[in-house]
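# Fold and geometry: a report
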Amino acid sequence: MVRLLPCCALAALAALAAACTDFATPAELTKPTILAVVADPPVVRPGEAATLTTIVVDADGVLAGLPTRHALIETYPGVAPMGALADDGGTVRYLAPDPVPTLPQGAPPLDSVQVEVDTADGTLLALKVMAVLPTNAANPTLARLTVGDADALAGPVTLPRGATVTLEVATEPAAGDDARYAWYASAGAIEYYQSTPTELVVRDQPGPAMIYVVVRDGQGGVAWRAVAVEVQ
């Protein structure tokens, strides 16, 4: 049986899809970069909660333990945020209201969480949009991630210097038309970094490096992976 979502739900999911198009560029990987803010679940039922996790990386790997602050900010000018935030010893949760308050006519039930992360190179800023809807949602998982001929989900990858290799990712459930992709690498250059499949031109310098991929499903869900690479 097909379940039809109300108009406000469809509008909320469309707004989440629109909010997922603003990516950092691969050039920014030369300094700490917010790869993604992941909410679990990505869409929150009224009265329930979602855990928020901010993924910060640089050219050498994932950065953990950075001072991070969260704040609810206005989604609609002059309209106060409808939910709340809770910090349970370092685990930050978004708490959805129940019932959802009255919003301006036609406004989908969205809250905006501003995230600030302090790094050695300055403070990073990100925005996570949360939809509050009476529906179950889950983040996608990575079903396949290949770097050249290697299964990058199985572990580290070795790449020859100067080679051109194909990068490809797939999710479960399968990504739809609203999905967006982003690749980052200190292992070389990726010209079409918002496509899958795409190509990586491996750098000439040997040594350890990283490849990152983020998939946003257009409905608030996020899947990502960091792949350790050895360039030889």
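Residues numbered from 1 in each chain as written. Predicted model: local features only at pLDDT ≥ 70, side-chain atom pairs only at ≥ 80, totals over all residues. Heavy atoms only, no water.

### Details of the overall build of the protein chain
Regarding its fold elements, the protein chain presents 1 helix and 18 strands. For the protein chain, the proportion of its 232 residues judged to be buried stands at 43%. For the protein chain, the share of sequence-separated contacts (at least 6 apart) that also reach a separation of at least 24 residues comes to 65%. (Helix = DSSP H or I, 4+ residues; strand = E, 2+ residues; numbered from the N terminus. Buried < 20%, exposed > 50% of the residue type's maximum accessible area, 1.4 Å probe, protein only. Contact = heavy atoms within 4.5 Å.)

### What about the pairing of strand β9 (residues 122-132)?
Strand direction decides the pairing type here: strand β2 (residues 43-44) and β9, joined by 2 bridges, are parallel. Each bridged residue has a counterpart across the sheet, and for Val44 the counterpart in β9 is Val132. Of the pairings in the sheet, the one linking strand β8 (residues 110-119) to β9 comprises 10 bridges and is antiparallel in character. By the bridge assignment, Thr119 is partnered in β9 with Gly122. Hairpin connection from β8 to β9: 2 residues lie between these consecutive antiparallel strands. (Pairing = 2+ DSSP bridges.)

### Description of the pattern of salt bridges
Enumeration according to the criterion identifies 5 salt bridges in this entry. With a shortest N-O distance of 2.7 Å, Asp118 and Arg69 are connected by a salt bridge. Of this pair, Asp118 sits in strand β8 while Arg69 sits in strand β5 (residues 68-73); the two residues are 49 residues apart in sequence, bridging distant segments of the chain. Each member of the salt-bridge network shares a partner with another, and the members are Arg69, Glu116 and Asp118. (Salt bridge = Lys/Arg side-chain N within 4 Å of Asp/Glu carboxyl O.)

### With respect to the pairing of strand β17 (residues 207-216)
Summarising burial for β17: 9 of the 10 residues are buried, a large majority. Across 6 bridges, strand β14 (residues 180-185) lies against β17 in antiparallel orientation. By the bridge assignment, Trp183 is partnered in β17 with Val213. By the bridge criterion, 10 bridges tie β17 to strand β18 (residues 222-231) in an arrangement that is antiparallel. Paired with Val215 across the strands is Ala223, a residue of β18. The antiparallel hairpin formed by β17 and β18 contains 5 residues in its connecting segment, where Gly218 sits at a positive phi of about 85°.

### Considerations on the environment of Val202
Tracing the chain through its elements places Val202 in strand β16 (residues 198-202). Residues Val202 and Pro160, 42 residues apart in the sequence, show an inter-C-alpha distance of 7.2 Å. In this view, Val202 contacts Leu159, Pro160, Arg161, Gly162, Ala163, Val165, Ala187, Gly188 and Val231; residues no more than four positions away in its chain are not counted.

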